[in-house]
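Spelled out, the chains give:
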Amino acid sequence: MQTLTSFTRPEQPTGHTCAERARLSNMNKPDDTNRQYSPVDQLLIGIDTGIRTLLGQPKITERSNPAQNQTGVELSEAERQLAGRLMRINHAGEVAAQGLYQGQALTARLPQIRQQMERAALEENDHLDWCEKRAKELGTHVSALNPVWYAGSATIGALAGLAGDKWSLGFVAETEKQVVKHLEKHLGQLPEHDNKSRAILEQMKKDEGRHATVALEAGGTELPRPVKKLMGLTSKIMTRTAFWV
Ligand SMILES: [Fe+2]
Ligand SMILES: [Fe+2]
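Residues numbered from 1 in each chain as written. Chains lettered and ligands numbered in written order. Predicted model: local features only at pLDDT ≥ 70, side-chain atom pairs only at ≥ 80, totals over all residues.

J.: Got a sec to walk through the overall build of the chain? Specific residues and values, please.
T.: Along the backbone of the chain there are eight helices and zero strands. When the 245 residues of the chain are sorted by exposure, 39% land in the buried category. If you take every contact in the chain between residues at least 6 apart in sequence, the share linking residues at least 24 apart comes to 86%. (Helix = DSSP H or I, 4+ residues; strand = E, 2+ residues; numbered from the N terminus. Buried ≥ 20, exposed ≤ 12 C-beta atoms within 10 Å, placed from the backbone. Contact = placed C-beta atoms within 7 Å.)

If you want it as structure tokens, here you go:
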């Protein structure tokens, strides 16, 4: 599998045939990379990925959970509740990120972009897994509205992919930048001694920053200001809702 760091700037999109587009649209496919998938195969793979994302069995990378190396510290009831809610929000954000990458995978034009998105999507699955485990350790549930966040983000991702790869990558870069800012805010809000949650968010912040840089280096373009504002507003609605539900 091609890694994020080995990604190169794409050439301008060319007019692929339907068959070529079908062959390229193999996001999160099983290990047989030479196999060609029909549109029905792809739909089933997409459904499988969605179910894994929402039911907690996502395909993850080789990396270990950053919380594993941290000593658990006892939290007061109020601290536990706050940390749990923050981790629920972060989990919901990762569900949305997964929807975004899956949606883009269906419509992105270039094979390099697909491979790029595939690795980033797997890393988002790591985040998803770490946040869910930590939320459960803190005695809380994940957001009941996760299917809504997933479906909404997959639609937005597919539309971004249709707009063209430079816009799609620009959308990824802006999303990741906004997530980094959001994680910084959460790191400030977490109970001081919640080492486990903190270690997870610190690693996520590094990953998201890298995803943004690579998307820009791959040819992502700066989005218009009103689009950025709308994205910020949408994520505010999600984070405020997921705090409670
Ligand atoms: Fe993430
Ligand atoms: Fe990311």
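J.: Break down the nonpolar core for me, with residues and values.
T.: In this structure, Met87, Ala92, Val95, Ala96, Tyr101, Cys131 and Trp149 are the most contacted members of the largest nonpolar core, which totals 31 residues. Of all elements in the fold, only helix H3 (77–107), helix H4 (111–137), helix H5 (146–163), helix H6 (165–189), helix H7 (195–217) and helix H8 (225–244) reach the threshold of two or more residues within this core. It is H3 that provides the largest number of residues to this core, a total of eleven residues. Setting aside residues no more than four positions away along its own chain, alanine 92 makes contact with Ser143, Asn146, Trp149, Met238 and Ala242. (Core = buried A, V, L, I, M, F, W, Y, C linked by C-beta atoms within 7 Å.)

J.: Can you break down the packing of H3 against H5 residue by residue, with the values?
T.: One way to put it is that H3 packs onto H5 with a least axis distance of 6 Å and a crossing angle of 35°. Our pair here, H3 against H5, has a crossing hand that is right-handed. Its residues assigned to classes, the contact of H3 with H5 shows 14 nonpolar, eleven polar and no charged. (Axes fitted to C-alpha atoms, helices over the stretch in contact; angles between N-to-C directions. Left-handed = near helix turned anticlockwise from the far one by under 90°. Nonpolar A, V, L, I, M, F, W, Y, C, P; charged D, E, K, R; others polar.)

J.: Just give me the short version of the environment of alanine 108, but keep the residues and values in it.
T.: Position of alanine 108 relative to the elements: it lies in the loop between H3 and H4. Among the residues examined, alanine 108 registers 29 C-beta atoms within 10 Å and is labelled buried. Taking the C-alpha atoms as reference, alanine 108 lies 9.5 Å from leucine 169; in sequence the two are 61 residues apart.

J.: A description of the packing of H6 against H7 should follow, citing residues and the corresponding values.
T.: Direction vectors running N to C along H6 and H7 enclose 155°, while the axes themselves pass 8 Å from each other. The orientation of H6 relative to H7 falls into the category roughly antiparallel. As H6 runs across H7, the sense of the crossing is left-handed. Contact residues: H6 offers Leu169, Val172, Ala173, Glu176, Lys177, Val179, Val180, Leu183, Glu184, His186 and Leu187, while H7 offers Arg198, Leu201, Met204, Lys205, Glu208, Gly209, His211, Ala212, Ala215 and Leu216. A breakdown of the residues in the contact of H6 with H7 according to their chemical character gives twelve nonpolar, three polar and six charged. (Parallel < 35°, antiparallel > 145°, perpendicular 65-115°, else oblique.)

J.: I'd love a proper account of the confidence of the model for the chain, names of residues and values included.
T.: Fine structural detail should not be taken from predicted coordinates in areas where pLDDT scores are low. Mean pLDDT over the chain stands at 79; residues scoring 70 or higher make up 80%. The element-level mean pLDDT for the chain is lowest in helix H1 (residues 18–24), coming to 37, with H7 highest at 93. Note that residues 1–34 has pLDDT below 50 and, in this model, 53 contacts with residues that lie over four places away or in other chains. (pLDDT = per-residue confidence, 0-100.)

J.: Summarise H3; cite the residues concerned and give the values.
T.: The terminal C-alpha atoms of H3, which comprises 31 residues, lie 46 Å apart, in line with the 45 Å expected from a rise of 1.5 Å per residue. Burial within H3 is extensive, with 22 of its 31 residues counted as buried. (Expected span 1.5 Å × (residues − 1).)

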